[in-house]
Amino acid sequence: MSLLDEMNEKATARGVPLSAHLDITWRCNERCVHCYLDHDGKGEMTTGEIKDVVCQLADVGTFFLSISGGEPLLRRDCFEILEYARALRFNVKLKTNAVMIGPEEAVRLRRLGIEQVQISVYSHRAEVHDAITKLPGSLRRTLEAIRHLRTNDVKVSITNVLMQFNQQDAKAVKAMAQELGVNFVIDPTITPMLNGDRSITKLGITMNELREVMRTEEFVGDVAEFCSPVSTVGDEILDGYSCSAGHTLAYISPFGDVFPCVQFPMPCGNLRKQSFREIWYNSPAFIELRSVHVRDLHTCSQCSHTAYCSRCPGLAYMEGDMRGPSSADCQKSYARTGIPSAAISRAGNRIPPLRSGLVQISGLY
Amino acid sequence: MSTAEMYLSQSAHIAARTLGDDTLIMSTLDSTIFVLNAVGTAIWNAADGKTPLSQIIHERVCSEFEVTGEEAYADAKEFVGQLAEHGILSISNAPVSPYANPEKAQAQASATKPARPSESGGIQGAEK
């Protein structure tokens, strides 16, 4: 077990939110077709409120802090918040589209000791990337920013969200990431909007495309190992939890709302009314979430995929039942192994399509 | 005990948090992770650049843990040397201005659990 795993175990046992994801704004200078947020900035926390939240997180033991948005650099106080978080000794990651990062910002991020800058890149082709972000010139500006960051030895990770429009470019994006000296992560999940609207999930790749991705060595390493089914489910798994959301991870919106995760919009409290400590330890929603072990999941506890499934309780919650299966993860397990999940079997082996129709995006060129 | 005093300062290039008896530290330069045990945490939290190591040992280690001064000092020198090698803290022979640390109450010694001398090395583990 790695040191981080050990600390995670200790944090889980002590109920410490070791990680927090803080969106400081939902405003954005891009309008990505698959974005799960609206971009209203009304009612955002002030600089003072955000610093107070960050201080509260330090007090309860949070170590990993992701500052995100929207586009966090749209806030004039973004660097002030980053500086404050670093002074409180957080391990800080910044999620940004990077179009506002020039040479000076890259130097500041280096000096601050930001652990990693995480940036979404959808394609190596501007006509594809910019059509997804709806911001002309965005790929060029993002790539320039990555070069500034790398010149300053700032660690960068590129996330490549796969959609029907760009999935054929994933290998080229990975090659570009290698050339730039940055990490590459592939993400086939389109998150429904936080208001429950699932229409954007139609932008996702098809089951056949997902199956292809999961059999591509560049993305998964040893294909045989990655795709081999594991059916042993012991007490250790059944007594555990699906993921860290609400156990060692919390999400905070720009308006002070607290949720288990950005992908788990179950309201747990608001920081303008209660302290973080009070919400984290006493919110009925968090307490209920923490009471749910894998063995309590009515369908997934019986599923042969349980031991290695990436089941997201937030996606299940958005489907109406946090104790139920998450369709997207059932589909991933099926695409990976060819074995239907318990939920798919119960539905008569009918595999719901990952996207139910074509969605047009307008090209910029 | 060595005659030359040692003053310890925490580096600015780290992320750190104390959870119970343990302290999790990550270097922002190379992402190396360290986990300090209770004794290491007591020394770490007292590394303010102006308190000599001998005083830290006397006030934070010997008074809290079942260990003699000489044993603790020898172990602590090795421990701080290892951290200094990784740039996690710096050692000087005169007091220095401490790195500004607004972290509330975290600097207070968190050790309450007695440790045997063999446990007093400080670093529980380190990995990249």
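This report concerns the structure included in the present document.

This brings us to the pairing of strand 3 (residues 22-27) of chain B. Residue and element names in this part refer to chain B. Across the 6 residues of strand 3, 6 count as buried, placing the element largely inside the fold. Residues D22, L24 and M26 of strand 3 are buried on one face, and the alternating residues T23, I25 and S27, pointing to the opposite face, are buried as well. Bridge count between strand 2 (residues 14-19) and strand 3: 6 bridges; the pairing is antiparallel. Bridge pairing in strand 3 places L19 opposite D22. Between strand 2 and strand 3, which pair antiparallel and follow one another directly, the connecting turn spans 2 residues, one of which, G20, has a positive phi of 65°.

Going through the model one piece at a time under the given rule, you end up with 15 salt bridges over all chains. Notably, a salt bridge pairs K10 of chain A with D22 of chain B, separated by 2.4 Å at the nearest N-O pair. Of this pair, K10 of chain A sits in helix 1 (residues 3-14) while D22 of chain B sits in strand 3, which puts the two residues in different chains. Its relative accessible area of 27% is what places K10 of chain A among the partly exposed residues. For D22 of chain B, a relative accessible area of 7% puts it in the buried group. Ionic pairing is found between E115 of chain A and K155 of chain A, a salt bridge with its closest N-O pair at 3.3 Å. Taken together, the positions of E115 of chain A in the loop between helix 4 (103-112) and strand 4 (116-120) and K155 of chain A in the loop between helix 6 (138-151) and strand 5 (156-161) put the pair 40 residues apart, joining distant regions of the chain.

Once that is clear, we can look at the sheet that holds strand 1 (residues 7-10) of chain B. All names here are of chain B. Read from one edge of the open sheet, 3 strands run 5-1-6, paired in antiparallel fashion. The strands lining the two open edges of the sheet, one partner per strand, are strand 5 (48-52) and strand 6 (89-92). The average angle at which neighbouring strand axes cross in this sheet is 25°, direction not considered. For strand 1 and strand 6, the ladder comprises 4 bridges, and the chain directions are antiparallel. Counterpart to Q10 in the pairing with strand 6 is L89. Across the face of the sheet, helix 3 (residues 69-85) comes into contact with strand 1 and strand 6 while running at roughly 120° to strand 6.

Size of an interface: often given as the accessible area lost when the parts come together. Taken together, the contact pairs 26 residues of chain A with 33 residues of chain B. Across the interface of chain A and chain B, roughly 2400 Å² is buried in total on both sides, 56% from carbon and sulfur atoms. Counting the surface chain A buries against chain B, the share from its top three residues, L3, M7 and R89 of chain A, is 33%. Scanning the region where chain A abuts chain B turns up 1 salt bridge. Our count for the chain A to chain B interface comes out at 9 residue pairs in polar contact (both at pLDDT 80 or more). Looking at the side of chain A that touches chain B, the elements that each hand over two or more residues are helix 1, helix 2 (47-60) and helix 3 (78-87) of chain A. With 6 residues, the single largest contributor to the side of chain A that touches chain B is helix 1 of chain A. A breakdown of the residues in the side of chain A that touches chain B according to their chemical character gives 12 nonpolar, 5 polar and 9 charged.

What counts, and at which threshold
Residues numbered from 1 in each chain as written. Chains lettered and ligands numbered in written order. Predicted model: local features only at pLDDT ≥ 70, side-chain atom pairs only at ≥ 80, totals over all residues. Heavy atoms only, no water. Buried < 20%, exposed > 50% of the residue type's maximum accessible area, 1.4 Å probe, protein only. Helix = DSSP H or I, 4+ residues; strand = E, 2+ residues; numbered from the N terminus. Pairing = 2+ DSSP bridges. Salt bridge = Lys/Arg side-chain N within 4 Å of Asp/Glu carboxyl O. Axes fitted to C-alpha atoms, helices over the stretch in contact; angles between N-to-C directions. Contact = heavy atoms within 4.5 Å. Buried area = accessible area lost by both parts, 1.4 Å probe. Polar contact = N/O pair within 3.5 Å; in protein donor to acceptor, adjacent residues only side chain to side chain. Nonpolar A, V, L, I, M, F, W, Y, C, P; charged D, E, K, R; others polar.

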